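Residue strings, one per chain:
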Amino acid sequence: MEYTSTRNDALRVSASEAILKGLAPDGGLFVPVEFPQVKPEEFYGLTYPQTAEKVLRLFLTDYDPDFLKRAVEEAYGAGCFSGKADFLARVEEKLWSLELWHGPTCAFKDYALQLMPKLLVEAKRNLGDTGTTKILVATSGDTGKAALAGYAGLPGIRIAVFYPNAGTSEVQRLQMATQEGGNVAVYAVEGNFDDTQTGVKHVFADTALARQLGQKNERLSSANSINWGRLVPQIVYYFYSYAQLVAQNGIAAGDAVDYCVPTGNFGDILAGYYAKRMGLPVGRLICASNQNNVLTELLETGRYDVRRPFYKTESPSMDILVSSNLERLLYHTTQDAGAVALWMQQLAQDGVYTLPENVLAKIQETFFGACADDAQGRAEIRARFAQNGYLCDTHTAVAFCAARTAISSEDPCVVLSTASPYKFPCAVLGALGEERTADEFDAMRRLTEKTGVPVPESLASLREKEIRFTQVIDKNEMPEIALLL
Ligand SMILES: *Cc1c(COP(=O)(O)O)cnc(C)c1O
């Protein structure tokens, strides 16, 4: 399987190169040149690691199959994800919640970040790269911990995570500050998330620093969600959950199933599109947004317009205005790299672009957008718990709202549940009508008392863990840190 760029499809690279480079030289994203075709029944009866192995082998054709088998076993095998690597909860007759948060950091990003670091190390081996890779991550919370957990202890890799001082939740801060491993470092940065991200971007653009690092056979890399190595592991759970629905007689083999995905950077939902293009009977993909509903507008009108207020919501991982992975959908829909390059240029220059009607119509054949604000999300958390005895987090709640807008109760629909309710315990407790508290551990305790849903062990034990990282830095110190990391 070869890969090309969304902005120049004369380019051809291998899977290893796509994963090692992350971004194409023209600024585009790497995409496979074709969709491997499979039959859903080939996946019936497979375990989660077996499903992952099968999907990865179709796409990562220059990787050693034995390596892939080992890697998926280490990432998703027995003992990983609390034995619930893909837990499908039936919420109503035709409505399921695919709980993707039983991994080490209690958010769905673990699926990508438990595997992708291994894929990166192997890509270096495949390409004869003997240097040290230094991963720098700017995070507002969730990605930082998931990346630390994935890269800790890997050979030839060092990782530094930067988060805004006082800009994360207490649970998120402790998750990062207590991270174990000899190749990890964590810093709080004076300022907000923008300052942190700008600081990291400057380090990546620092050519003098790159030269100094090069002399030591070291290179910088990022862990962000546009890397093909983060996207491909997410295709797996669409196939696995479909096979589970058939096995549990939730649907008949071959029936179409809608998937509803709480969306930020458009990676998770795009993986569903790949599954559909590969032959899985996916019906509609419902793109759920919070008050930052730039994608809802796009899917309705064809206009992508980031010139709008940015809202900080109770579903912070979806507080995104530029959904980078959308670029891949535009390429696959049009097969026109020139047009994609032009839209991305318009977006960068003017903050807006508009898709032609035929392109929008083609996207609308599969995608439907719907949004919900914080108040609607809170009502949804309360309603799901009262009516179905099902407790969900603030991101999943947005998706439940969107699903109800989009489907009738006859259509089978799987909502992707992206975070444990205990990752956002104060907001969830408040949504259930309980008195609010700002103390997250107190909120966890009260939430489990009220609902009987246990607190995930990795969160419950946080307060007892040794704090390893407390340093607060100025963003100007980042280049020095990158050099000495
Ligand atoms: C990252 C994240 C999302 C958004 O996923 P994308 O792939 O960026 O669309 C949704 N929910 C949670 C909890 C997340 O951490």
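Computed from a predicted model, the values in this text were never measured in an experiment. (Residues numbered from 1 in each chain as written. Predicted model: local features only at pLDDT ≥ 70, side-chain atom pairs only at ≥ 80, totals over all residues. Heavy atoms only, no water.)

Caption draft 1: Structural detail: the overall build of the chain. Helix and strand counts for the chain come out as 21 helices and 16 strands. Overall, the C-alpha framework of the chain stretches about 60 × 50 × 50 Å when taken along its three principal axes. Among the 485 residues that make up the chain, the fraction classed as buried is 59%. The long-range fraction of contacts in the chain, counting pairs at least 24 apart against all pairs at least 6 apart in sequence, stands at 73%. With an accessible surface of roughly 18,900 Å², the chain has 47% of that area assigned to carbon and sulfur atoms. Once the 46 positive and 59 negative side-chain charges of the chain are each reduced to a mean point, those two points are 2 Å apart. (Helix = DSSP H or I, 4+ residues; strand = E, 2+ residues; numbered from the N terminus. Buried < 20%, exposed > 50% of the residue type's maximum accessible area, 1.4 Å probe, protein only. Contact = heavy atoms within 4.5 Å. Areas by Shrake-Rupley, 256 points an atom, 1.4 Å probe, with all protein chains shown as cover. Lys, Arg positive; Asp, Glu negative; His and termini not counted. Charge placed at Lys NZ, Arg CZ, Asp CG, Glu CD.)

Caption draft 2: Empty space enclosed by the protein, seen in detail. What the rule picks out here adds up to two cavities of 30 Å³ or more. A volume near 50 Å³ is recorded for the largest cavity. In terms of lining, the largest cavity is formed by Glu314, Ser315, Asp373, Asp374, Gly377, Arg378, Ile381, Thr394 and Val398. When residues of the lining of the largest cavity are traced back to their parent elements, those giving at least two are helix 16 (374–388) and helix 17 (394–406). (1 Å grid on protein atoms, 1.4 Å probe; cavity = no way out; pocket = protein on both sides within 12 Å on 5 of 7 lines; lining within 4 Å. Points joined across faces, edges and corners; volume = space filled by probe spheres on them.)

Caption draft 3: Looking closely at the pattern of salt bridges. With the rule as written, the count across this model stands at 29 salt bridges. Between Lys423 and Asp142 there is a salt bridge; the shortest N-O distance is 2.9 Å. Of this pair, Lys423 sits in the loop between strand 15 (413–417) and helix 18 (425–431) while Asp142 sits in helix 6 (residues 142–151), and the two are 281 residues apart along the sequence. What makes Lys423 buried here is its relative accessible area of 3%. The partner of Arg446 in a salt bridge is Asp442, and the shortest N-O contact between them spans 3.9 Å. Placement of the pair is Arg446 and Asp442 together in helix 19 (residues 440–451), with a separation of four residues, close to one helical turn. Bridged by salt links that share partners, the residues Glu297, Arg303, Asp305, Arg307 and Arg308 form one connected network. (Salt bridge = Lys/Arg side-chain N within 4 Å of Asp/Glu carboxyl O.)

Caption draft 4: Geometry of helix 17. Between the first and last C-alpha of helix 17 there are 19 Å, a value that for 13 residues agrees with the 18 Å anticipated at 1.5 Å per step. Burial analysis of helix 17 places 11 of its 13 residues in the buried class, the great majority of the element. By the burial criterion, the buried members of helix 17 are Thr394, His395, Thr396, Ala397, Val398, Ala399, Phe400, Cys401, Ala402, Ala403 and Ala406. (Expected span 1.5 Å × (residues − 1).)

Caption draft 5: Examining the sheet that holds strand 6 (residues 132–138) more closely. Across the sheet, five strands lie side by side as 9-6-7-8-16; this open sheet has parallel pairing. Looking at the sheet topology across the chains shown, the edges are occupied by strand 9 (218–221) and strand 16 (472–473). For strand 7 (residues 157–164) and strand 8 (residues 184–189), the ladder comprises six bridges, and the chain directions are parallel. Considered in strand 8, the bridge of Ile159 is made with Val184. The strands touched by helix 5 (residues 116–126) are strand 6 and strand 7; relative to strand 6, the strand with the most contacts, the crossing angle is about 150 degrees. (Pairing = 2+ DSSP bridges. Axes fitted to C-alpha atoms, helices over the stretch in contact; angles between N-to-C directions.)

Caption draft 6: Molecular detail of the site of the ligand. Taken together, the neighbourhood of the ligand is formed by 15 residues, with Lys109, Gly264, Asn265, Asp268 and Thr418 sitting nearest. Lys109 is positioned such that a nitrogen or oxygen atom in its side chain is 2.5 Å from an oxygen atom of the ligand. One of the backbone nitrogen or oxygen atoms of Asn265 is found 2.7 Å away from an oxygen atom of the ligand. Relative to its free-state accessible area of 390 Å², the ligand is covered by the protein chains to the extent of 96%. Per-class residue counts for the shell around the ligand are five nonpolar, seven polar and three charged. (Near = heavy atom within 4 Å. Polar contact = N/O pair within 3.5 Å; in protein donor to acceptor, adjacent residues only side chain to side chain. Nonpolar A, V, L, I, M, F, W, Y, C, P; charged D, E, K, R; others polar.)

Caption draft 7: Up close: the nonpolar core. In terms of nonpolar packing, the biggest core is built from 111 residues, with Phe59, Leu60, Tyr151, Ile235 and Tyr238 touching the most fellow members. Formed by 39 residues, the second largest nonpolar core is a distinct cluster that contains Leu95, Leu174, Cys260 and Ala402. (Core = buried A, V, L, I, M, F, W, Y, C linked by side-chain atoms within 4.5 Å.)

Caption draft 8: Region of the structure containing the packing of helix 16 against helix 17. In the contact formed by helix 16 and helix 17, the axes pass within 8 Å of each other and the chain directions differ by 90 degrees. Regarding the angle of helix 16 to helix 17, the classification is roughly perpendicular. For the pair formed by helix 16 and helix 17, the contact residues are Gln376, Gly377, Glu380, Ile381 and Arg384 on the first element and Thr394, Ala397, Phe400, Cys401 and Arg404 on the second. Among the residues forming the contact of helix 16 with helix 17, the class breakdown is four nonpolar, three polar and three charged. (Parallel < 35°, antiparallel > 145°, perpendicular 65-115°, else oblique.)

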